[in-house]
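# Structural features, examined
Here is what each chain is made of, one letter per residue.
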Amino acid sequence: MATNLFKQEIAEALANTELFTKEQVLGLMTIPQDPQHGNFSVPCFSLAKTLRKAPKIIAEDLSKQISLPSSVSKCEAINGYLNYYIDPQILLQKILSAVAEQGEKFGHLPSQNKTVIIDYSSPNIGKELAFHHIRSTMIGHALSCIYQAAGYKVIRINHLGDWGTQFGKLIVMYLRAELPTDVESLAKLTVKELNLLYTQFSKAAQKKPEMEDEAREVFAKLEAGDEFYRSLWEAFKEATLKELRRIYKQLGVDFDYYTGESFFEDLIPPVIDELKAKNLLEVSQEREVVMLEDLDLPPCLIRKSDGSTLYATRDLAAAIYRQKEYAFDRCLYVVDQGQALHFKQVFAVLNKMGYAWSKNMVHIPFGLILHQNEDGKWEKGKTRTGSASLLRDVIAAAQEKILEQIQEKNPDLPDAEHVAMQIGVSALTFNDLKNRRLMDVKFDWDSALSFEGATGPYLQNAHVRLCSIQRRAGYQVELSQVDWFHLTDDYSMELVRIIDRKSTRISQAVEHDEPALLAQYALEIAEAAHRFVHHNRVLGSAEEKSRLFLVQCTQIVLKDVLTMLGVYPIEAM
Ligand code: ARG
């Protein structure tokens, strides 16, 4: 950030007075809200006691005596503050030449030598992705990109729910329905069919509760290694993964590892031994548990009476494995708020086991997606028709709605379907990321897909506008061709000041694990860019080259910020 450089220069010059140390100045310095009051401000109140003078007088005296770094055009004393004004041309040059040199990496932070694991999306096998799965998927994806830009080594893990009694249910229902079990038929299985089996099981089990026991027995056999059941389970998993990969591709999401819960099967016995050796395992109501009453938490269930393990047991094994394998400095679980207790328990058990690194594990919760019902009330999980919506249907509908708009406004656009998919997905994604993650998302088609307001299409439009100016210009401007004086108007200066905040916004988003901070930043850039091109004609103006240069720089910055958010920028629409 260019700002840091100027801060250092000012602090050094002020330290020459020997009234402050350089560190003190850096600690005191603020950035005035109103740019009219300069770029930096240093309060002199702390000197009043030693100098036995009013801060107002001290500031006035100092402003006359001190030497100014060459980047500062003036220093004014106002009410006890020293206000520094950076020479606008130097400011512009410092910031924009950094963008031109570093390109999309501008504003990224140097390597932190730290590894962060991000566990996100992590859906259950055999089920279709529901619309709400977009939350963990896109928040997790954005956090991965943001941590990467902040200099972390990022490991992205999809902790698939591919183990547990639900597989007993699926197998029981599959066999009861007398579906074919030969290799070829199994290879053709779809997740849609599996999803249906779940619903059928629930209905059938209401009439025949003994099916629940049957499912538990089947799962116990699967856990014990029954080959036939395993082949079915593998086919279920393959069918689900095929569809998952298709949707992840549409969303532009990727993982380093798909390490499902089943992966930890063999790692569980040693964890249970360790719990026993550390005197943490107790028997309660025939189940083995770790008591957490000292922390006001219910017991963490480790093993049921039939010997089968639980979700928490597998998360314990997974955490220990991740620490051993990747020596993470932080491990984030991007999972809905409903699982807060589960993670508290898992982290508490690890802490009781003596793993100090458990303090580096963080649950990243988020709110629900709400839909409006006929009475105008916002409700969870249901669309107007009453059925929970599937993510694939919502994506397809978004694409279709955008395509209609494109066909109306620009019927000759090449590759319109692909463009519509990208805008549609960016509308859904941005709608999900624009507000703080803990807030519920009120989903409404009209406001999510609008090209006005805080939306994905609005951001895409800003990027397209910047690209189209460059296309129409037909040439690229080099740094040496820029006349900085041509960019000293308010609209250009505002845009450049916003561009300079990129690294601060990245750090803040990491500090709070909050993509919304970067999402809001994307809007700030887009709004300032719109204002700039609205007020300053680029092509054909006397300032064409310099303004075009600012357009180039803004587009690079916006593109990178959007990409980090999983809003993949398009160039024409
Ligand atoms: N499969 C779980 C679910 O759908 C989420 C898993 C989250 N990750 C974890 N390590 N527990 O509810």
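Everything numeric here is computed off the predicted structure, so don't read it as measured data.

Cut-offs used in this document
- Residues numbered from 1 in each chain as written.
- Predicted model: local features only at pLDDT ≥ 70, side-chain atom pairs only at ≥ 80, totals over all residues.
- Heavy atoms only, no water.
- Helix = DSSP H or I, 4+ residues; strand = E, 2+ residues; numbered from the N terminus.
- Contact = heavy atoms within 4.5 Å.
- Areas by Shrake-Rupley, 256 points an atom, 1.4 Å probe, with all protein chains shown as cover.
- Lys, Arg positive; Asp, Glu negative; His and termini not counted.
- Charge placed at Lys NZ, Arg CZ, Asp CG, Glu CD.
- Near = heavy atom within 4 Å.
- Polar contact = N/O pair within 3.5 Å; in protein donor to acceptor, adjacent residues only side chain to side chain.
- Nonpolar A, V, L, I, M, F, W, Y, C, P; charged D, E, K, R; others polar.
- Pairing = 2+ DSSP bridges.
- Axes fitted to C-alpha atoms, helices over the stretch in contact; angles between N-to-C directions.
- Phe/Tyr/Trp six-rings, centres within 6.5 Å; stacked < 30°, edge-to-face > 60°.
- Buried < 20%, exposed > 50% of the residue type's maximum accessible area, 1.4 Å probe, protein only.
- Lys NZ or Arg CZ within 6 Å of the ring centre and 35° of its normal.
- Parallel < 35°, antiparallel > 145°, perpendicular 65-115°, else oblique.
- Left-handed = near helix turned anticlockwise from the far one by under 90°.
- Core = buried A, V, L, I, M, F, W, Y, C linked by side-chain atoms within 4.5 Å.

## Overview of the overall build of the protein
Broken down by element type, the protein carries 22 helices and 14 strands. Summarising its shape, the C-alpha atoms of the protein cover approximately 90 × 65 × 45 Å along the three principal directions. Sequence-distant contacts in the protein: of pairs separated by 6 or more residues, those separated by 24 or more amount to 73%. Surface exposure of the protein reaches about 26900 Å², of which carbon and sulfur atoms provide 49%. Here the protein contributes 65 positively and 77 negatively charged side chains, and the mean placements of these two sets differ by 3 Å.

## Observations concerning the site of the ligand
Surveying the vicinity of the ligand reveals the residues Asp119, Ser122, Asn124, His159, Tyr311, Asp315, Tyr333, Val335, Gln339 and Phe343. Contact between the ligand and Ser122: a nitrogen atom at 2.9 Å from a main-chain N or O atom of the residue. Here Tyr311 contributes a side-chain N or O atom positioned 2.8 Å from a nitrogen atom of the ligand. Protein burial of the ligand: of its 350 Å² of free accessible surface, 87% is covered by the chains. In terms of residue class, the shell around the ligand is made up of 4 nonpolar, 4 polar and 2 charged.

## As for the pairing of strand S12 (residues 369-372)
With 2 bridges connecting them, S12 and strand S14 (residues 441-442) associate as parallel partners. Bridge pairing in S14 links Leu370 to Lys442. Where S12 and strand S13 (residues 378-380) come together, 3 bridges link them in antiparallel fashion. Pairing of His371 across the sheet is with Glu379, part of S13. Between S12 and S13, which pair antiparallel one after the other, the connecting turn spans 5 residues, and Gly376 there sits at a positive phi close to 85°.

## So, the side chain of His159
Its place among the elements puts His159 in the loop between strand S5 (153-158) and helix H7 (165-176). A distance of 3.5 Å separates polar atoms of two side chains, one belonging to His159 and the other to Arg322.

## So, the sheet that holds strand S6 (residues 257-258)
Across the sheet, 5 strands lie side by side as S6-S5-S4-S10-S11; this open sheet has parallel pairing. Taken across any chain shown, the strands that pair with only one partner, and hence form the sheet edges, are S6 and strand S11 (361-364). Summarising the sheet, strand S4 (residues 115-119) and S5 pair through 5 bridges and their orientation is parallel. Bridging from a neighbouring strand, Ile118 pairs with Arg156 of S5. Sheet contacts for helix H14 (residues 340-352): strand S10 (330-334) and S11; angle to S11, the most-contacted strand, approximately 180°.

## Digging into the packing of aromatic side chains
Two aromatic rings, taken as a pair, are described by how far apart their centres are and by the angle between their planes. Counted under the stated rule, the structure contains 23 aromatic pairs. On the numbers, 5.0 Å between centres and 25° between planes, the contact of Tyr355 with Trp357 is stacked. Here the aromatic rings of Trp484 and Phe549 are separated by 6.2 Å at their centres, their planes lie at 80°, and the arrangement is edge-to-face. With Trp484 in the loop between helix H18 (456-473) and helix H19 (490-499) and Phe549 in helix H22 (residues 544-564), the pair connects residues that are 65 residues apart, well separated along the chain. A single burial state applies to Trp484 and to Phe549, both of which are buried. Cluster of aromatic residues (ring-pair linked, three or more members): Tyr257, Phe263, Phe264, Tyr321 and Tyr326. The ring of Tyr258 is capped by Arg245, whose NZ or CZ atom sits 4.9 Å from the centre of that ring.

## Quick look at the packing of helix H13 (residues 311-326) against H14
Two elements in contact, H13 and H14, have axes whose closest approach is 10 Å; the angle formed by their N-to-C orientations is 50°. Viewed along their axes, H13 and H14 adopt a mutual orientation that is oblique. In this structure, H13 meets H14 at a crossing whose hand is right-handed. In contact with Tyr311, Ala312, Asp315, Leu316, Ala319 and Ile320 of H13, H14 contributes His342, Phe343, Val346, Val349 and Leu350. When grouped by side-chain class, the residues that make up the contact of H13 with H14 number 9 nonpolar, 1 polar and 1 charged.

## Looking at the side chain of Glu514
When you line up the elements, Glu514 lands in the loop between helix H20 (502-511) and helix H21 (515-535). In this structure Glu514 touches Leu143, Asn435, Arg436, Arg437 and Ala509, once residues within four positions along its chain are discounted.

## Some words on the sheet that holds S14
Strand order in the open sheet formed by 3 strands is S13-S12-S14, and the pairing between neighbours is mixed. Looking at strand neighbours, the two that pair on one side only are S13 and S14, the edges of this open sheet.

## Things to note about the nonpolar core
In terms of nonpolar packing, the biggest core is built from 151 residues, with Leu82, Tyr84, Leu96, Ile118, Tyr147, Ile499 and Leu565 touching the most fellow members. Those residues within four positions of Ile499 in sequence are excluded, and the remaining contacts are Ile95, Leu96, Val99, Phe106, Tyr521, Leu550, Thr554 and Val557. Of all hydrophobic cores here, the second largest spans 36 residues; its members include Leu275, Val290, Leu292 and Cys300.

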